[in-house]
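# Descriptive analysis of the structure
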Amino acid sequence: MEKFSDFIEKQVTRDSSLNDLRGVINALICCISDIASETNFGAIGGVLGNTQTKNVQGEIQKKLDVKANEIFIKNLRAVDSIVAIVSEENEKPIYVNQNLNEGYVVFFDPLDGSSNIDVNGIVGSIFSIFKINKNCKDQLDLLNPGSTQIAAGYSTYGPSTMLVLTLSSEVNGFTYDKNSHNFMLTHPNLEIESDCSEYAINSSNYRFWEPPIQKYIKECNEGLQGSREKNFNMRWCGSMVADIHRILMRGGIFIYPKDNKLPQRAGRLRLMYEANPMALIVERAGGKASTGREPILEVKPNNFHQRAAVIMGAADEVEKIVTYYEKFDSGELEFDSPLFRERSLFVERK
Ligand code: AHG
Ligand code: MN
Ligand code: MN
């Protein structure tokens, strides 16, 4: 089994542009092992529960959200090649070496799935790396579409600590060996199959979804007897890292769509810290990632904390949902008709 340091060495030999990135990646590895150690101690470490503070999103911060954020900031601040770091938990970017002519910008969700902390469920960290090659005059220079990310990854703090990373074209999974403090390449070249029979969505929002998503899930739930003519399984961890990880391990589709619970919001998840990095990973593993109306990686960001609808995973299933959105938006199918709901007159047959 290859050690992470040997893996990186090989990657740099193949692509010398990755050489500069090493400092950033090594710092991220330190963040992950530090946060893994905090989460492992759980109640003993006094890290469970809420703080008294709200983050920029107006959400009450968990103690571990704050701790994980501090760990990211401390480790990334020490890297010479970083221009700025941008955290889900901070209102504004933190400049590290603002005067560099060329350098990296790292966006991160220090702790994803925070509602799982207190129930000892799986949580993780997500990061997204961009390179900017001009002197950054304005904060907005830091905001670029996901298609320009050069690398992305996430960790899971679950039964084992894992890192999933995409540096060039591949997606690779590493497992943390607590004894030797090494990440080992345990899951090389991860790929997502184009079809699947498992979906992940928070079904309690059914009544708030747009008709294309209602139609898709309804058809999945009709199983063998419905138009899909097969049974679907459902899984939902309440933590995007855990749900996307499962999809990389055994396939499936993850959906957090736009809904009319809060109609002014484009979605629940955050574009820069969650949707973009996961979209890059999923697409490089052969899957697809869309908002339903455009590829996630093409969304032009105009705000550090903007939200996005997320539909990602098995390529054929994502494409199916995109087709439903096209038909819905063009009025081609009467999705919202009571006839569709009651008697499935408009369910497409194979
Ligand atoms: P975070 O903990 O960083 O705020 O993100 C939680 C996200 C994501 O991990 C998960 O898929 C989603 O929120 C679950 O949200 P709901 O439980 O509100 O549906
Ligand atoms: Mn998150
Ligand atoms: Mn978070």
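Residues numbered from 1 in each chain as written. Chains lettered and ligands numbered in written order. Predicted model: local features only at pLDDT ≥ 70, side-chain atom pairs only at ≥ 80, totals over all residues. Heavy atoms only, no water.

### Focus on helix 7 (residues 315-329)
Along an α-helix, residues three or four apart share an orientation, since each turn contains 3.6 residues. Between its first and last C-alpha, helix 7 extends 21 Å over 15 residues, near the 21 Å set by a 1.5 Å rise per residue. All buried positions along helix 7 are accounted for by A315, E317, V318, I321, Y324, Y325 and K327. Here the buried face of helix 7 lies against helix 4 (211-222), strand 14 (253-256), strand 16 (288-290) and strand 18 (310-313). Of the residues trailing helix 7, G331 is marked for its positive phi of about 75°. (Helix = DSSP H or I, 4+ residues; strand = E, 2+ residues; numbered from the N terminus. Expected span 1.5 Å × (residues − 1). Buried < 20%, exposed > 50% of the residue type's maximum accessible area, 1.4 Å probe, protein only. Contact = heavy atoms within 4.5 Å.)

### With respect to the environment of A151
Counting through the fold element by element, A151 comes out in strand 8 (residues 151-157). In this view, A151 contacts L21, S128, I129, T166, L167 and L280; residues no more than four positions away in its chain are not counted.

### Describing the packing of aromatic side chains
Applying the stated criterion across every chain, the model contains 11 aromatic pairs. Their ring planes at 75° and their centres at 4.9 Å tell us that F7 and F174 sit as a pair that is edge-to-face. One end of the pair, F7, is in helix 1 (residues 4-14); the other, F174, is in strand 10 (residues 172-177), with 167 residues separating them in the sequence. One exposure class covers both F7 and F174, and it is buried. For the ring pair W236 and Y256, a centre distance of 5.8 Å and an interplane angle of 55° mean the geometry is tilted. With W236 in the loop between strand 13 (233-234) and helix 5 (240-250) and Y256 in strand 14, this pair connects stretches of sequence that are 20 residues apart. (Phe/Tyr/Trp six-rings, centres within 6.5 Å; stacked < 30°, edge-to-face > 60°.)

### Some words on the coordination of the manganese ion (ligand 2)
Note on the manganese ion (ligand 2): its protein donors are D109 (OD), D112 (OD) and E274 (OE). The metal-donor distances range over 1.8 to 2.1 Å. Taken in sequence order, the residues that donate to the manganese ion (ligand 2) follow the motif D-x2-D-x161-E. D109 sits in the buried class, given a relative accessible area of 0%. Under the relative-accessibility criterion, E274 is labelled buried at 1%. (Donors = N, O, S within 2.8 Å, 3.2 Å for Na, K, Ca; no water.)

### Points about helix 4
Over its 12 residues, helix 4 runs 16 Å from end to end, which matches the ideal 16 Å to within 8%, given 1.5 Å per residue. Most of helix 4 is tucked away: 10 of the 12 residues are buried. Residues of helix 4 that are buried include every one of P211, P212, I213, Q214, K215, Y216, I217, K218, E219 and C220, and no others. Looking one or two residues past helix 4, G223 carries a phi angle of roughly 55°, positive in sign.

### Some remarks on unusual backbone geometry
A positive phi angle, near 55°, is found at N120, a position not held by glycine. With respect to the helices, strands and loops of the structure, N120 is situated in the loop between strand 6 (103-112) and strand 7 (123-132). N120 gets classed as exposed once you look at its relative accessible area, which sits at 73%. Positioned with a positive phi, H181 is a non-glycine residue whose angle comes to about 60°. Positionally, H181 belongs in the loop between strand 10 and strand 11 (182-187). Classification of H181 by relative accessible area gives exposed; the value is 57%.

### Focus: the coordination of the manganese ion (ligand 3)
Ideal values differ by geometry: the angle at a metal is 109.5 degrees with four tetrahedral donors, but 90 or 180 degrees with six octahedral donors. The protein atoms that coordinate the manganese ion (ligand 3) are E88 (OE), D109 (OD) and L111 (O), at distances spanning 2.2 to 2.3 Å. In primary sequence terms, the donor set of the manganese ion (ligand 3) follows E-x20-D-x1-L. Between the manganese ion (ligand 3) and the manganese ion (ligand 2) the interatomic distance comes to 3.7 Å, and D109 is a ligand of both metals. L111 shares its class with D109; the two are buried.

### Comments concerning the site of ligand 1
D112, S114, N202, M240 and Y256 are the nearest of the 17 residues found near ligand 1. Residue D112 places a side-chain N or O atom 2.8 Å away from an oxygen atom belonging to ligand 1. Take N202: an N or O atom from its side chain is 2.8 Å from an oxygen atom of ligand 1. Protein chains shield 84% of the accessible area of ligand 1, which is 480 Å² for the free molecule. Those elements giving two or more residues to the shell around ligand 1 turn out to be strand 6, strand 14 and strand 15 (269-270). Of the residues in the shell around ligand 1, the class split is 6 nonpolar, 5 polar and 6 charged. (Near = heavy atom within 4 Å. Polar contact = N/O pair within 3.5 Å; in protein donor to acceptor, adjacent residues only side chain to side chain. Areas by Shrake-Rupley, 256 points an atom, 1.4 Å probe, with all protein chains shown as cover. Nonpolar A, V, L, I, M, F, W, Y, C, P; charged D, E, K, R; others polar.)

### Remarks on the domain arrangement of the chain
The domain boundaries assigned to the chain delineate domain 1 (4-187) and domain 2 (198-348). Taking only C-alpha atoms into account, the centre of domain 1 sits 26 Å from that of domain 2. At the interface, 48 residues of domain 1 touch 30 residues of domain 2. Three residues stand out in domain 1 for area buried against domain 2, namely I126, L143 and Y154, and they jointly supply 20% of the buried area on that side. Summed over the shared surface of domain 1 and domain 2, the number is 3 salt bridges. R270 is the partner of E88 in a salt bridge, and the nearest nitrogen-oxygen pair spans 3.3 Å. (Domains from an automatic or database assignment. Buried area = accessible area lost by both parts, 1.4 Å probe. Salt bridge = Lys/Arg side-chain N within 4 Å of Asp/Glu carboxyl O.)

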